[in-house]
Amino acid sequence: MTIMQNIPKVDRVLEWPAVSAALTRYPRPLVLKAVRTVLDGLRLEACEGALAEIPPAEVIAEHVLRELVLLSTSRLKRVVNGTGVVIHTNLGRSLLAAPVQQALTDVAFSYSNLEFDLEQGERGSRYAHVEKLLCELTGAEAALVVNNNAAAVLLALSALAAGKEVIVSRGELVEIGGSFRIPDVMRQSGALLREVGTTNRTHPRDYREAVSPDTALLLKVHTSNYAVVGFTAEVTAAELVRIGQESSLPVMADVGSGNLVDLSAIGLGSEPPVQEFVRAGVDVVTFSGDKLLGGPQAGIIVGRKALVAPLKKHPLLRALRVDKMTMAALEGTLRLYRDERQALVEIPTLRMLALSAAELEARGRSLLRRLRRAAPASVTFTVSRGFSQVGGGAFPLVQLPTTLLAVGSGHATPEALEKALRAAPVPVIGRIWRDALLLDLRTIQDDDVPALIAALRALPAALGAGEADR
Ligand SMILES: *Cc1c(COP(=O)(O)O)cnc(C)c1O
C-alpha cells in the first residue's frame, strides 16, 4: 500500500472523539471543511514525497481543531499597536473616542433618522446631521462628507473643473500611500492639470501667468508626507486667494490631515487648523476624517455655499456617499471639538500625540512592573528612550520623544520575536531597530495590557514551535 492510500478518509476522521466533539461547537459544514483542508494538506505532502509516515490520529485531530479556530475567528481583528506610529494607515488609522460608542450602537442596531427630517416628517438629507456642526467648528458656510479625502478631492474637481484647467504648484504634486496621486486624481475627474513653478520654488507670478480663459480653479495641496527644505518659496493660501480674487477664480485647498485644534499646545505647531484656511478665504477645503481629526474614515468638504452646492448635486456623490455608522461616528467625534480641552483628552489620536516624555516614562515603569510579574521568567525587558511618529502623512519631520520596551527571550532573534508576537490571538505589532524588537508605549492603550501579557505568556511556546518548524 502506498502512503497515499493510508491517509484516513473524511468519514473516519469525523468519528474520532476529538473531532466529533467539535461538531457540538461548530457547524458541520465548517468541521467538514477543516477536515478536508487538513487531509488535502497531507495528500499534497505525500505527492511531493515529503511525508515519511502518516501522523498519529491525535496530531491530525489537533490540526483539524486549529484549522477550525482559524476558520471561525474573524480575519479582521483587533491588534496592539506597538509601532509608535499614532496614525498608522495599515493598522486602521484613528481609534474612535469612547463617547462615540453609544452613538454608533444606536444607529447600527436600530432604525434612525438618517434621511428623515423629524420636524417636517418628510425625507431629509443624510448630510444635514453634521453640516451645521462642521460649519460651526470651521466657520464655513456649507459642508459635505464623503468616503475619504481622496473622494472629496475627486468630487470637488469633477464638479468644479471638469474639462477645464486647474493650476497647481509643481512642489505640491503629492503622492499619498501610492494610490492617491494628484495628477491621477485630476485626470480621473476630467480636469486638466496646469503645473506651475518648480519643485522647490513657486511664486505668485507663476499662478498669475498661467491663468487663462480655460482656468476653472486654483488648487493648493498640503505636502503632507514630505518636506521641501533649503532654497524654497511657496505661495500661501491667503496669497492664492488674492490671486483668485483678481481673476474671479475659486481657490481650493486639500489640507490633508485637517486638524480643528491648535496643535502648538502639544508641540505640533506647524500645521494651521482648517479654520485658518476658511478665514483666509479659501472657497473649498477638503480633509480626512481619520487622520488628525481622530474620527472615522471620511472625506470632509467645507466651504462657500455657492461652491459646495454643485458638489451636493453631482451624480458622483451617490457613489461616494458615507453610511450611517460613519455619520454617527463623525458627528460624535465632532461634538467633542466644541470644547477644545475635552477634545485633547477624549480623542485618542490627540491624546496619544499629547503624551509627554515624562508621562511615557512613568507609564513605562508601571508597565514594566506588571509585565515582570505576569510574563514568563525567560522573557526579558529593557526600557530605553526613542522617538514615535505622528504618521498618516502628517508632520513627517516631527519626532516625538517616547519610551520603548525591548522584548527579548533567550537567543531568539528579533525577527523570531516579532513573528511570534504577531501570531498571538491578539497580535502585537512592534518594530525592529538595531537588532532589538521594540514596543513603543505611546501607541499601546491601557486596555491593551491584558492582551500584551497573554502574547508574552505564549511567547516561549510560540518560539519553541517556530524552532520545531525549522
Ligand atoms: C491623506 C491625504 C489624502 C488622502 O486622504 P484619504 O482620507 O486617505 O483618502 C489626500 N491628500 C492629502 C494632502 C493627504 O494628506
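For the structure itself, consult the block above.
So, a few notes on the structure that sits alongside this text. Since the model is a prediction, treat every value here as computed from it, not as a measurement.

Take unusual backbone geometry next. Within the chain, arginine 93 stands out as a residue other than glycine whose phi angle is a positive 55°. Tracing the sequence through the fold places arginine 93 in the loop between strand 2 (85-87) and helix 6 (100-109). For aspartate 435, which is not a glycine, the phi torsion comes out positive at approximately 65°. Exposure remark for aspartate 435: the relative accessible area of 65% places this residue in the exposed category.

Our next topic: the packing of aromatic side chains. Taken as a whole and judged by the stated rule, the model has zero aromatic pairs. Positioned above the aromatic ring of phenylalanine 231 is the side chain of arginine 201, whose terminal nitrogen or guanidinium carbon lies 3.8 Å from the ring centre.

All right, on to the nonpolar core then. Residues Val166, Val285, Val302, Leu334, Tyr337 and Val390 are the most contacted members of the largest nonpolar core, which totals 94 residues. Apart from the residues within four sequence positions on either side, valine 390 is in contact with Val85, Val86, Ile87, Leu268, Leu292, Leu353, Phe395, Val398 and Leu400. Core analysis: the next-biggest nonpolar cluster, separate from the first, contains 30 residues, Leu367, Val428, Val449 and Leu452 among them.

Here the focus is the site of the ligand. Around the ligand, the neighbouring residues are Arg93, Asn148, Asn149, Ala150, Ile176, Phe180, His222, Ser224, Asp254, Gly256, Ser288 and Lys291. Between the ligand and arginine 93, the relevant distance is 2.9 Å, taken from an oxygen atom to a side-chain nitrogen or oxygen of the residue. At 2.5 Å, a side-chain N or O of serine 224 approaches an oxygen atom of the ligand. Within the complex, 95% of the 380 Å² of free accessible area of the ligand lies under protein. Looking at the shell around the ligand residue by residue, the class counts come to three nonpolar, six polar and three charged.

Scoring rules and cut-offs
Residues numbered from 1 in each chain as written. Predicted model: local features only at pLDDT ≥ 70, side-chain atom pairs only at ≥ 80, totals over all residues. Heavy atoms only, no water. Helix = DSSP H or I, 4+ residues; strand = E, 2+ residues; numbered from the N terminus. Buried < 20%, exposed > 50% of the residue type's maximum accessible area, 1.4 Å probe, protein only. Phe/Tyr/Trp six-rings, centres within 6.5 Å; stacked < 30°, edge-to-face > 60°. Lys NZ or Arg CZ within 6 Å of the ring centre and 35° of its normal. Core = buried A, V, L, I, M, F, W, Y, C linked by side-chain atoms within 4.5 Å. Contact = heavy atoms within 4.5 Å. Near = heavy atom within 4 Å. Polar contact = N/O pair within 3.5 Å; in protein donor to acceptor, adjacent residues only side chain to side chain. Areas by Shrake-Rupley, 256 points an atom, 1.4 Å probe, with all protein chains shown as cover. Nonpolar A, V, L, I, M, F, W, Y, C, P; charged D, E, K, R; others polar.

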